[in-house]
2 protein chains.
Amino acid sequence: MPQKEKHQAKKSRANMSIGTLAKTAGAKVQTIRYYEEIGIMPRPDRTHSNRRTYTQEAVKRLRFIRHARELGFSIPAIRAMIELQSLSGGPCARVDEIAGQQLDVVRAKITRLKALENELTRMLNCCDGSDIATCRVIEVLSDHSLCESEHGSPENINMVSEKTLFPRN
Amino acid sequence: MPQKEKHQAKKSRANMSIGTLAKTAGAKVQTIRYYEEIGIMPRPDRTHSNRRTYTQEAVKRLRFIRHARELGFSIPAIRAMIELQSLSGGPCARVDEIAGQQLDVVRAKITRLKALENELTRMLNCCDGSDIATCRVIEVLSDHSLCESEHGSPENINMVSEKTLFPRN
DNA sequence: TCTACAATGTACAGCGACTGTAGAAGCAAG
DNA sequence: CTTGCTTCTACAGTCGCTGTACATTGTAGA
Ligand SMILES: [Zn+2]
Ligand SMILES: [Zn+2]
Ligand SMILES: [Zn+2]
Ligand SMILES: [Zn+2]
């Protein structure tokens, strides 16, 4: 057993180390430091030996960030939502708008990926598996006009980014 | 009108410049140079003033790469398929296997994105749009236990990469 | 108390697949 | 000759982390 567990168990309601925060909220230690660096996690207090100490607030914040990331939100989108939360009070229309944009992004990705699935399935079904010189997979990959659909360019469907959140002013 | 067009029209069956190749095959000039650098486009001949000159072979090769990229294949996967083509002759089983792996990747992405779509739709439907303090979107983003599904971590579903193509030997 | 090892600190490089930039040089047309 | 386009090389930046190197600190067992 890691020593840390015993150590932290004793003072479970006191401030926690970065490692404990990492385990509690489901992130890597480096990721937490990275979030601090880019300013979406607040800079925590330090011990006399310069180590970060976190409160329950930090756990909540980090859980929010991680879960939003798991749901595909970009860092700028998350940053915007955090700022909206911190100016507490007022309607949530803007938050819902950001989530709605994220939903649009997800749906666009699904549409594209279904087109890819279709093309890949088709080319694999049409290949008789004999020779490379006549392989249908190679043929289709060499010539988009053999495709059924306009499947678009690679990963042009991006996340809700800075640009979509804050259009060119 | 760009001068290039007139210029190139005169000698359309001769070697072409990198800009003409870019337009013909649908890529950016820098991308072509990048492909050369990483070794999936062969190094072309140069003019006396050090400019790249391309043949129809290069057009074919670049079209293959771009179309495979549009269908989501990774560079290592494309590199492998190019090598399989160049050792011409033999069955296409390996090519089809790579395409099959790509299909698996695409299907896994679709599955995950559908889960995300579901969660996003649910949280947006449940929000009454009144106040940030009670916003359902914020609530769900703060607490994964309010989700219906295990929607997984961000972008853990990767492309067919070096590792999947050449598992640890 | 000594020793080992775990955890933390900073700083920086790397991933994938490009894209954009800087600065120099060439090339053709008006 | 000047203007404007293209090309050349080299390198930095994108995104969201992840991994590494090396130094320091904290803790537990002997
Ligand atoms: Zn085949
Ligand atoms: Zn196609
Ligand atoms: Zn709301
Ligand atoms: Zn969830």
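Please refer to the structure higher up on the page.
The structure reproduced in this document is the subject of the present report. (Residues numbered from 1 in each chain as written. Chains lettered and ligands numbered in written order. Predicted model: local features only at pLDDT ≥ 70, side-chain atom pairs only at ≥ 80, totals over all residues. Heavy atoms only, no water.)

### Some thoughts on the overall build of chain A
Let me state the cut-off plainly: Elements are defined by DSSP. Helices are runs of H or I of four residues or more, strands are runs of E of two residues or more, and each kind is numbered from the N terminus. Residue burial is assigned from relative accessible area. The probe radius is 1.4 Å, only protein chains are included, and a residue is buried under 20% of its type maximum, exposed over 50%, and partly exposed in between. We call two residues contacting when some pair of their heavy atoms lies within 4.5 Å.
The helix and strand tally for chain A stands at eight helices and two strands. Beginning at the N terminus, the succession of helices and strands in chain A can be written as α-α-α-β-β-α-α-α-α-α. In chain A, buried positions account for 42% of the 169 residues. Long-range pairs, those at least 24 residues apart, make up 54% of the contacts in chain A with a sequence separation of at least 6.

### Focus: the interface of chain A and chain B
Rule in force here: In this description, buried area is defined as the sum, over both parts, of the accessible area (probe of 1.4 Å) that is lost when the two are combined. Every case where a carboxyl oxygen of Asp or Glu lies within 4 Å of a side-chain nitrogen of Lys or Arg is listed as a salt bridge. In protein, a polar contact requires one atom able to donate a hydrogen and another able to accept it; more generally it is a pair of N or O atoms within 3.5 Å, and residues adjacent in sequence count only if both atoms are side-chain atoms.
Every contact between the two is made by 56 residues of chain A and, on the other side, 56 residues of chain B. Overall, the association of chain A and chain B removes approximately 4700 Å² of surface from exposure, summing both partners, and the carbon and sulfur fraction of that is 72%. Applying the counting criterion to the chain A and chain B interface returns two salt bridges. Note that A:E117 and B:R107 form a salt bridge whose closest N and O atoms lie 2.8 Å from each other. The tally of links from chain A across to chain B stands at 15 residue pairs in polar contact (both at pLDDT 80 or more). Broken down by element, the side of chain A that touches chain B gets its largest block of residues, 20 residues, from helix α6 (residues 93-126) of chain A.

### So, the coordination of the zinc ion (ligand 3)
Where a metal carries four tetrahedral donors, each ideal angle is 109.5 degrees; where it carries six octahedral donors, the ideal angles are 90 or 180 degrees. Spelled out, the test is: Donor selection uses N, O and S atoms within 2.8 Å of the metal (3.2 Å for Na, K and Ca). Since no water is included, sites may look incomplete.
Ligation of the zinc ion (ligand 3) by protein atoms is provided by A:C92 (SG), A:D96 (OD), A:D96 (OD), B:C127 (SG) and B:C135 (SG), these donors lying 2.1 to 2.7 Å from the ion. Of this pair, A:D96 sits in helix α6 while B:C127 is found in the loop between α6 (93-126) and α7 (136-142), placing the two residues in two different chains. Overall, the relative accessible area of 16% leaves A:D96 in the buried class.

### Thoughts on the coordination of the zinc ion (ligand 1)
Taken together, A:C127 (SG), A:C135 (SG), B:C92 (SG), B:D96 (OD) and B:D96 (OD) make up the protein donors of the zinc ion (ligand 1), found 2.1 to 2.7 Å from the metal. Given a relative accessible area of 11%, A:C127 falls into the buried group. Overall, the relative accessible area of 1% leaves A:C135 in the buried class.

### Here we look at the packing of aromatic side chains
Selection criterion: Centres within 6.5 Å make a pair out of two Phe, Tyr or Trp rings, where for Trp the six-membered ring is used; the pair is then stacked when the planes are under 30 degrees apart, edge-to-face when over 60, and tilted otherwise.
In this structure the tally under the stated criterion is two aromatic pairs over all chains. When the centroid spacing of 6.0 Å and the interplanar angle of 45 degrees are considered together, the rings of A:Y34 and A:Y35 count as tilted.

### Re the protein's contact with DNA strand C
Selection rule: Neighbouring residues are identified by heavy atoms, a residue being near a molecule or strand if any of them is within 4 Å of it.
If you check the shell around DNA strand C, you find 24 residues, and the closest are A:S17, A:G19, A:R52, B:T31 and B:R69. Take the atoms of DNA strand C that sit within 4 Å of the protein: sugar and phosphate atoms are 80% of them. With respect to DNA strand C, the side chain of A:S17 contributes an N or O atom lying 2.8 Å from a phosphate oxygen. A distance of 2.9 Å separates a phosphate oxygen of DNA strand C from a polar atom in the side chain of B:Y35.

### Some details on the packing of helix α5 (residues 75-86) of chain B against α6(B)
All names here are of chain B. To keep it simple, the criterion reads: To define axes, lines are fitted to C-alpha atoms, for helices over the stretch in contact only, and angles between the resulting N-to-C directions are given on a 0 to 180 degree scale. We call two directions roughly parallel when the angle between them is under 35 degrees, roughly antiparallel when it is over 145, roughly perpendicular when it lies between 65 and 115, and oblique otherwise. It is the rotation of the near helix from the far one that decides the hand of a crossing: anticlockwise by less than a right angle makes it left-handed, clockwise makes it right-handed. Gly counts as polar in this scheme, as do all residues outside two lists: the nonpolar Ala, Val, Leu, Ile, Met, Phe, Trp, Tyr, Cys and Pro, and the charged Asp, Glu, Lys and Arg.
Packing of α5 against α6 brings their axes to within 10 Å, and their N-to-C directions diverge by 165 degrees. Considering their axes alone, α5 and α6 lie roughly antiparallel with respect to each other. α6 is crossed by α5, and the crossing has left-handed handedness. In contact with A77, A80, M81 and L84 of α5, α6 contributes R94, V95 and I98. The residue inventory of the contact of α5 with α6, partitioned by class, reads six nonpolar, no polar and one charged.

### Description of the layout of surface pockets
Residue and element names in this part refer to chain A. Filter applied, for reference: Lining residues are those with an atom within 4 Å of a point, where the points come from a 1 Å grid over the protein atoms alone and group into cavities, where a 1.4 Å probe fits but cannot get out, or pockets, open sets with protein on both sides within 12 Å along at least five of seven lines. Grid points are joined across faces, edges and corners, and a volume is the space filled by probe spheres set on the points.
There is about 470 Å³ of room inside the largest pocket. Broken down by secondary-structure element, the contributors of at least two residues to the lining of the largest pocket are α4 (56-70) and α5 (75-86). Top element by residues in the lining of the largest pocket is α4. It accounts for six residues. Looking at the lining of the largest pocket, its residues break down into seven nonpolar, six polar and six charged.

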